[in-house]
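# Chains, contacts and geometry: an overview
Here's the letter readout for the chains.
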Amino acid sequence: MPYHTEDFGQTLAVWGTGEGFYLVLPLFGPSNPRDATGLLVDTLIDPFTYLTFTRNTEYGYARFGLGALDERSRAIEATDDLERNSVDLYATYRSLYRQRRVADINNTGDAPAGQSYPGQDDKAK
């Protein structure tokens, strides 16, 4: 079975579920009600959740912690740059999150025309 990066939030979007309001989940980062529901479903259907739920919970904590550390290390330079150069950091994060989710849902992986994501080569110009 080939690896994929799709998530249930994307599936809900394709099925026509609206994104709703923007929210920031502690420890999980930016989201919206549709994608938060998708994250919950993805967690519940992940076999690793059941393997670590009743015993060996330290593996689940380690997986979560290492995943968070990996995500942070990938974004730290772009995040620092945004913090230095943004007039309204919250609005910038919200806009970038929504643009990225639209690209993920449309399976384009690129920023909308004329724009680029932090850390991404400027392909749009």
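Please read these numbers as outputs of a predicted model, since none were measured by experiment. (Residues numbered from 1 in each chain as written. Predicted model: local features only at pLDDT ≥ 70, side-chain atom pairs only at ≥ 80, totals over all residues. Heavy atoms only, no water.)

## Re a nonpolar patch on the surface
On the surface, Leu27, Phe28, Leu39 and Phe64 cluster together into a nonpolar patch covering about 430 Å² of accessible area. Within the secondary structure, Phe28 is located in the loop between β1 (23-25) and β2 (29-31). (Patch = residues over 30% accessible without salt bridge, like charges linked within 9 Å, V, L, I, M, F, W, Y side chains within 5 Å. Areas by Shrake-Rupley, 256 points an atom, 1.4 Å probe, with all protein chains shown as cover. Salt bridge = Lys/Arg side-chain N within 4 Å of Asp/Glu carboxyl O. Helix = DSSP H or I, 4+ residues; strand = E, 2+ residues; numbered from the N terminus.)

## Quick word on the side chain of Arg34
Residue position: Arg34 is located in helix α2 (residues 33-45). Leave out the neighbours within four places in its chain, and Arg34 touches Gly9, Leu12, Ala13, Thr17, Gly18, Glu19 and Ile105. (Contact = heavy atoms within 4.5 Å.)

## Digging into the pattern of salt bridges
Under the defined criterion, the tally for this structure stands at 9 salt bridges. For the salt bridge of Asp81 with Arg84, the shortest nitrogen-to-oxygen distance reads 3.8 Å. Of the two residues, Asp81 and Arg84 are both situated in helix α4 (residues 57-85); the distance of 3 residues between them amounts to about one turn of the helix. With relative accessibility at 36%, the residue Asp81 sits in the partly exposed group. Overall, the relative accessible area of 61% leaves Arg84 in the exposed class. Across the pair Asp104 and Arg100 runs a salt bridge, and its minimum N-O distance is 3.4 Å. A residue pair is termed a helical-turn pair when its members lie 3 or 4 positions apart in one helix, as Asp104 and Arg100 do in helix α5 (residues 89-105) at 4 residues. Residue classification places Arg100 among the partly exposed positions, given a relative accessible area of 34%. Several salt bridges converge on common partners, so that one network encompasses Asp7, Arg34, Asp35, Arg100, Arg101 and Asp104. (Buried < 20%, exposed > 50% of the residue type's maximum accessible area, 1.4 Å probe, protein only.)

## Observations regarding the environment of Phe48
Position of Phe48 among the secondary structure elements: in helix α3 (residues 47-53). Given the relative accessible area of 29%, Phe48 is considered partly exposed. Each C-alpha atom of the pair Phe48 and Arg63 lies 9.6 Å from the other, and the pair is 15 residues apart in sequence. Once residues lying within four places of it in the same chain are set aside, the contact partners of Phe48 are Tyr59, Gly60 and Arg63.

## Digging into α5
Its 17 residues place the ends of α5 24 Å apart at the C-alpha level, agreeing with the 24 Å of an ideal helix rising 1.5 Å per residue. When α5 is considered as a whole, its buried residues turn out to be Leu96, Tyr97, Gln99, Arg101, Ala103 and Ile105. Contact partners of the buried residues in α5: α1 (8-14), β2, α2 and α4. One or two steps after α5, the chain reaches Asn107, where phi turns positive at roughly 60 degrees. (Expected span 1.5 Å × (residues − 1).)

## Topic: the packing of α4 against α5
Two elements in contact, α4 and α5, have axes whose closest approach is 9 Å; the angle formed by their N-to-C orientations is 135 degrees. Put simply, α4 runs oblique to α5. Note on packing geometry: the crossing formed by α4 with α5 is right-handed. Across from Thr79, Leu82 and Glu83 in α4, the residues of α5 making contact are Leu89, Thr92, Tyr93 and Leu96. (Axes fitted to C-alpha atoms, helices over the stretch in contact; angles between N-to-C directions. Parallel < 35°, antiparallel > 145°, perpendicular 65-115°, else oblique. Left-handed = near helix turned anticlockwise from the far one by under 90°.)

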